[in-house]
Amino acid sequence: MLSNNYTNRLFGRTRGRSKKKIDLKKYYQTVAKYKFQNCDEKINYILDIGTGYGETSIFLANQFLDKVVISCEKYIDGNIILLKNIEKNKIKNIRLHNGNVYDVLECIHRECLDLVWIFFPDPWPKNRHAKRRLITSDFLIKLHKILKESCDICIATDSTIYIRFILNSIYNCKGYFQWLNQSEMNLNIKDYFDIETKYYKKAINSKRNPSLFILRKL
Ligand SMILES: C[S@@+](CC[C@H](N)C(=O)[O-])C[C@H]1O[C@@H](n2cnc3c(N)ncnc32)[C@H](O)[C@@H]1O
């Protein structure tokens with residue numbers, strides 16, 4: 001059962017600002033075709049959290065053809081773009097969860113993830129919104145339980161406030177993860193991954209250098 005814990009609530013928009021009408025019936029029919037249901041023991045999974053317009057899910061699906069990407073996003077306008085790209089490129093290894101990542105976490109009861117990606121999670125920079133931030137030590141420990149041995153979590157952010165918050169979260173669960181790139185945190189994401197998401201481009205255009213955290217399960 002899903003809990004109503006404050007931190008598990010979803011904040012932010014599910015629809016874009018554009019006045020363009022969306023055929024929601026058709027949307028949910030397409031979502032149903034690609035819907036993530038539950039973990040199959042024979043499949044290796046990647047969890048992609050807060051995918052926005054789905055660039056990361058498409059990237060991961062192409063990079064890891066032998067794995068299935070669970071793409072988690074509640075933003076309908078973004079999911080529509082993702083679904084279009086899945087169909088246009090005939091991508092077979094993406095399952096979509098149109099909603100909160102906590103729903104997915106609650107239905108996984110064993111170590112079945114090979115990788116977790118969290119690209120530019122909402123920073124909620126105001127102090128009074130800090131409780132809305134996704135990445136906390138409790139959240140990382142939840143992921144630890146369902147990650148396979150020696151598998152990684154990749155987190156990108158360009159928010160200095162969130163960087164401090166993430167550092168604190170990593171410190172608070174230091175027995176659980178090894179921070180692989182601790183000595184070179186300010187490197188360019190492109191040194192690792194050839195991908196540009198909407199929020200990556202926003203950061204670069206505003207001359208903010210995104211940081212990448214790579215955490216390996218101990
Ligand atoms: C700042 S955007 C980043 C989008 C994309 N990853 C990128 O790099 O362009 C953060 C996204 O995370 C989604 N999000 C926030 N909390 C979430 C949650 N608990 N479960 C699923 N998605 C979530 C939001 O809807 C939003 O689209």
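The structure contained in this document is the topic of the report that follows. (Residues numbered from 1 in each chain as written. Predicted model: local features only at pLDDT ≥ 70, side-chain atom pairs only at ≥ 80, totals over all residues. Heavy atoms only, no water.)

Section: the packing of helix H1 (residues 24-34) against helix H3 (residues 76-88)
- Taken N-terminus to C-terminus, the directions of H1 and H3 make an angle of 55 degrees; their axes are 11 Å apart at the nearest point. If you check the angle between H1 and H3, you find them oblique. Note that H1 runs across H3; the crossing there is left-handed. Mapping the contact onto sequence places Leu24, Tyr27, Tyr28, Thr30, Val31, Lys33 and Tyr34 in H1 and Ile76, Asn79, Ile80, Leu83, Ile86 and Glu87 in H3.
- Residue classes in the contact of H1 with H3 are distributed as nine nonpolar, two polar and two charged. (Axes fitted to C-alpha atoms, helices over the stretch in contact; angles between N-to-C directions. Helix = DSSP H or I, 4+ residues; strand = E, 2+ residues; numbered from the N terminus. Parallel < 35°, antiparallel > 145°, perpendicular 65-115°, else oblique. Left-handed = near helix turned anticlockwise from the far one by under 90°. Contact = heavy atoms within 4.5 Å. Nonpolar A, V, L, I, M, F, W, Y, C, P; charged D, E, K, R; others polar.)

Regarding the sheet that holds strand S4 (residues 113-119)
- Judged by pairing direction, the sheet is mixed, and its seven strands sit side by side in the order S3-S2-S1-S4-S5-S7-S6 without closing on themselves. Two strands bound the open sheet, and with one partner strand each, they are strand S3 (94-97) and strand S6 (177-179). Each strand of the sheet is rotated relative to its neighbour by a mean of 20 degrees, with strand direction disregarded.
- Here helix H2 (residues 55-63) sits on the sheet and contacts strand S1 (45-49), strand S2 (68-72), S3 and S4; the angle it forms with S4, its principal contact strand, is near 150 degrees.
- Sheet contacts for helix H6 (residues 160-172): strand S5 (147-157), S6 and strand S7 (211-217); angle to S7, the most-contacted strand, approximately 15 degrees. (Pairing = 2+ DSSP bridges.)

Treat this as a map of the structure, not an account of what it does.
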